[in-house]
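Examining the three-dimensional arrangement
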Protein chains: 2
Amino acid sequence: MTMKLEILTKNENRDIQKKIIEKIRDLINYKNLEPGDKLPSERTLSEKFEVSRGNIREAIQKLEFYGLLESIPQSGTFVANIGVIAMNGMIDDILRLEDPDFKSLVETRILLELKTARLAALRRTNEDLEAMKEALDAYATKVVKGEDAVQEDLLFHLAIAKASGNSTMNTFMLIITPGIITNFEKYHVCDSNQAFSGIQEHKDIYEAIKNQDPKLAKQMMKAHFKILYQYCYNQK
Amino acid sequence: MTMKLEILTKNENRDIQKKIIEKIRDLINYKNLEPGDKLPSERTLSEKFEVSRGNIREAIQKLEFYGLLESIPQSGTFVANIGVIAMNGMIDDILRLEDPDFKSLVETRILLELKTARLAALRRTNEDLEAMKEALDAYATKVVKGEDAVQEDLLFHLAIAKASGNSTMNTFMLIITPGIITNFEKYHVCDSNQAFSGIQEHKDIYEAIKNQDPKLAKQMMKAHFKILYQYCYNQK
DNA sequence: AAAACCAATCTGGTTAACCAATTTTAAACA
DNA sequence: TGTTTAAAATTGGTTAACCAGATTGGTTTT
């Protein structure tokens, strides 16, 4: 018997991955696998679920990303050290996760940046300060020339995230940034119309962080996000 | 000539991935690749960088995750629609990313949960409310029995994240949760000593969200996190 | 001259074979 | 019978071959 071969779309691929994750969850429950227990081998799962080993590996890697499984070379894949109930709950949540919409990204960005500005004011090193100054100058230079400075604007904000000294928030900022940029044409934070006021706002934030004034830093950041803020909380 | 084969540790693997990402960045700069331009094929890069095609694929997938590249089947890998400057800045940030420490995780969790509680109060559907009630009851039942209820506690918080209607924050909560659990033995949020007060606190949060009182929901969540909060902001 | 066509080539994705470390099994020895 | 040892089977990771769709360049047709 010959297997029918075809190229799968990303959606189809994601669907079979979801089904595999569901089956892994069911297996963990049916076999009463506890933290530390070993999952069946990738080959076994591949046969049992009637999918390729590559699909199994991808599903396992996804669950590894969320900290639910751990693969050890030449040994096996193991259930992470969280209980069965949390395991079930988290897998269900992961399966239900929707792609982020733009509004959700913006809302999260504002939340993160109000905090990173505050934290940066408290923790910034002199090195952080130099990096922020550099990004600020690059931004101002471009704006004065009348050129588009969206990228430089962005890098200034990322420099603040770095200066916050919180690696998790820094990572999250990096994750959401591309999605923000992609939709930026619709909702500019620093539109060319407002670019010159943007320079002053950036300077205000920078000065507050330089002077280690967390309250003012947050306030200046909030002012900087005024337009986005309105988009988020006044519109629908 | 025979190639020496050996199993690489995850650290070694991460190092060569970093080097590949650096080389991709340098290539984009040297060739002046702009948004939409096509990267050399995986095979070409594999030869040029003298690494396996699998390593190249992994590096590309990582940059895809951060939205910097896009692979299209049977066509090629393309530079995303963000400028060269942002591309350089973001790649540098990605290369410098540190593994999150526990304190960074907790700090981010508190930030996220104060917000999701508020948003849940504003947006929760009746369905969300039922899910939260279910998680709350499961938690209370276990505590009354005197059993460990860390998992149920956690699922209640995740139910709130879901009710917030913000898919990005929901995802981020899922990402940080396993790390939180793993280190939970050190710093319990709902320690068995405080489990009974934990029930009341959970009920307070639930009631505030049920009554659509965002301010109170945030306040109750803050009270619930009092101990963690102190750990974060009073201790070094 | 331009449009339509076709075959050779190139692409990312997928699969099957292979690797070395580990684990298990059973055989050999005490 | 209990311990040691070695060989066979199993493991996740890696590699090379293969797949079908997309691209490309040249040729033919209109």
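Residues numbered from 1 in each chain as written. Chains lettered and ligands numbered in written order. Predicted model: local features only at pLDDT ≥ 70, side-chain atom pairs only at ≥ 80, totals over all residues. Heavy atoms only, no water.

Observations concerning the pattern of salt bridges
All names here are of chain A.
- A full pass over the atoms with the stated rule returns 22 salt bridges over all chains.
- Between Lys142 and Glu152 there is a salt bridge; the shortest N-O distance is 3.6 Å. Residue Lys142 is found in helix H6 (residues 126–144), and its partner Glu152 is found in helix H7 (residues 150–163); the two are separated by 10 residues along the sequence.
- We classify Lys142 as partly exposed; its relative accessible area is 25%.
- Through salt bridges with shared partners, a single network forms among Arg25, Asp26 and Asp92. (Salt bridge = Lys/Arg side-chain N within 4 Å of Asp/Glu carboxyl O. Helix = DSSP H or I, 4+ residues; strand = E, 2+ residues; numbered from the N terminus. Buried < 20%, exposed > 50% of the residue type's maximum accessible area, 1.4 Å probe, protein only.)

Side note on the protein's contact with DNA strand C
- If you check the shell around DNA strand C, you find 18 residues, and the closest are Asn13(A), Ser52(A), Arg43(B), Arg53(B) and Arg57(B).
- Arg43(A) is positioned such that a nitrogen or oxygen atom in its side chain is 3.3 Å from a base nitrogen of DNA strand C.
- Measuring from a base nitrogen of DNA strand C, one finds a side-chain N or O atom of Gln74(B) at 3.3 Å.
- When contributions to the surface near DNA strand C are tallied by element, the ones reaching two or more residues are helix H2 (42–49), helix H3 (53–65) and strand E2 (76–79) of chain B.
- Broken down by class, the residue content of the surface near DNA strand C amounts to three nonpolar, nine polar and six charged. (Near = heavy atom within 4 Å. Polar contact = N/O pair within 3.5 Å; in protein donor to acceptor, adjacent residues only side chain to side chain. Nonpolar A, V, L, I, M, F, W, Y, C, P; charged D, E, K, R; others polar.)

Structural notes on the protein's contact with DNA strand D
- DNA strand D sits among 18 residues. The nearest are Glu42(A), Arg43(A), Arg53(A), Arg57(A) and Asn13(B).
- In DNA strand D, the atoms that sit within 4 Å of the protein are 53% sugar and phosphate, with bases accounting for the remainder.
- For DNA strand D, a phosphate oxygen lies 3.0 Å from a polar atom in the backbone of Glu42(A).
- A distance of 3.0 Å separates a phosphate oxygen of DNA strand D from a polar side-chain atom of Asn13(B).
- Breaking the surface near DNA strand D down by element, the ones donating at least two residues are helix H2 (42–49), helix H3 (53–65), strand E1 (69–72) and strand E2 (76–79) of chain A.
- When its residues are assigned to classes, the surface near DNA strand D shows two nonpolar, 10 polar and six charged.

Description of the environment of Ile199(B)
Residues and elements named next belong to chain B.
- Mapped onto the fold, Ile199 is located in helix H9 (residues 195–210).
- The spacing of Ile199 and Asp153 is 46 residues in sequence and 9.2 Å in space, taken between C-alpha atoms.
- Residue contacts for Ile199: discarding those within four places in its chain leaves Tyr139, Ala140, Val143 and Val144. (Contact = heavy atoms within 4.5 Å.)

Quick word on the relation of the copies chain B and chain A
- Note on the identical chains: chain B maps onto chain A by a rotation of 180° and an axial translation of 0.0 Å, with an RMSD of 0.1 Å. Taken together, the rotation and translation relating the two chain copies correspond to the operation of a two-fold axis.
- Mapped onto chain A, 100% of the interface residues of chain B are again interface residues, and the two copies thus contact each other with one and the same surface. (Least-squares fit on C-alpha atoms with pLDDT ≥ 70 in both.)

Comments concerning empty space enclosed by the protein
Residues and elements named next belong to chain A.
- Per the counting criterion, the structure on display carries one cavity of 30 Å³ or more.
- In this structure, the largest cavity encloses a volume near 40 Å³.
- Val150, Gln151, Asp153, Leu154, Ile181 and Phe184 together form the lining of the largest cavity.
- The element that contributes the greatest number of residues to the lining of the largest cavity is H7, accounting for four residues.
- By residue class, the composition of the lining of the largest cavity is four nonpolar, one polar and one charged. (1 Å grid on protein atoms, 1.4 Å probe; cavity = no way out; pocket = protein on both sides within 12 Å on 5 of 7 lines; lining within 4 Å. Points joined across faces, edges and corners; volume = space filled by probe spheres on them.)

With respect to the environment of Ser71(A)
Residues and elements named next belong to chain A.
- Considering the arrangement of structural elements, one finds Ser71 in strand E1.
- A relative accessible area of 18% means that Ser71 is categorised as buried.
- Distance from Ser71 to Arg57, taken between C-alpha atoms, is 9.9 Å for residues 14 residues apart in sequence.
- Within the local environment of Ser71, its side chain forms a polar contact with the side chain of Thr77, the two groups lying 3.0 Å apart.

Looking at helix H8 (residues 167–182) of chain A
All names here are of chain A.
- Between the first and last C-alpha of H8 there are 24 Å, a value that for 16 residues agrees with the 22 Å anticipated at 1.5 Å per step.
- In the structure, H8 departs most strongly from a straight axis at Ile176, where the bend amounts to approximately 30° and where the proline Pro178 lies between one and four residues downstream.
- Counted residue by residue, H8 has 13 buried out of 16 residues, so it is predominantly covered.
- Two or three places before Thr168, at the opening of H8, Asn166 has a side-chain oxygen 3.0 Å from that residue's backbone nitrogen. (Expected span 1.5 Å × (residues − 1). Bend = angle between axes of the 7 residues up to and from the residue.)

Some points on the side chain of Ser167(A)
- Its location among the elements puts Ser167(A) in helix H8.
- Apart from residues no more than four positions distant in its own chain, Ser167(A) is found in contact with Leu97(B), Glu98(B), Asp99(B), Pro100(B), Asp101(B) and Ser104(B).

Limitation: the analysis is restricted to geometry and does not speak to function.
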